[in-house]
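Descriptive analysis of the structure
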Amino acid sequence: MSVEMITMLIGIVSILLALAGAFGWMIHRMDVLENRLEGKLGARIDAGDERLGARIDALDEKLGARIDKVADELVEVKIALARVEGPPRHLITAR
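Below is a short write-up of the structure. (Residues numbered from 1 in each chain as written. Predicted model: local features only at pLDDT ≥ 70, side-chain atom pairs only at ≥ 80, totals over all residues. Heavy atoms only, no water.)

Take the environment of Ser2 next. Within the secondary structure, Ser2 is located in the segment before helix H1 (3–85). The class of Ser2 is partly exposed, set by a relative accessible area of 34%. Here the alpha-carbon distance between Ser2 and Arg51, two residues 49 residues apart in the chain, equals 72 Å. (Helix = DSSP H or I, 4+ residues; strand = E, 2+ residues; numbered from the N terminus. Buried < 20%, exposed > 50% of the residue type's maximum accessible area, 1.4 Å probe, protein only.)

See below:
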């Protein structure tokens, strides 16, 4: 082997090792950042979940009250309509 060939092989191997090391460092750094943010993000999600649950419960109460009110009014409308229409007419009338 010539000196040029040995130099080329050593250069290629060193570049590949440098790339592998950089990739490993990047993965390690991402894991560290994820672990740091996990605690903060988990707390924020839990707080948001509690607030969202409270808002959904309040909305459920409001809508439930409105639906009950509409159902009561519908019954009253049905009764009023039945009074206006009166009893069903008979085909044979007494003279």
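Moving on, we get to a nonpolar patch on the surface. Taken together, the side chains of Met1, Met5, Ile6, Leu9 and Ile10 make up a nonpolar region of the molecular surface, amounting to roughly 550 Å² of accessible area. Topologically, Ile6 is positioned in helix H1. Judged by its relative accessible area of 40%, Ile6 falls in the partly exposed class. (Patch = residues over 30% accessible without salt bridge, like charges linked within 9 Å, V, L, I, M, F, W, Y side chains within 5 Å. Areas by Shrake-Rupley, 256 points an atom, 1.4 Å probe, with all protein chains shown as cover. Salt bridge = Lys/Arg side-chain N within 4 Å of Asp/Glu carboxyl O.)

Moving on, we get to H1. Largest kink in H1: about 35°, centred on Glu38. Trailing H1 by a residue or two, Gly86 shows a phi angle of about 75°, which is positive. (Bend = angle between axes of the 7 residues up to and from the residue.)

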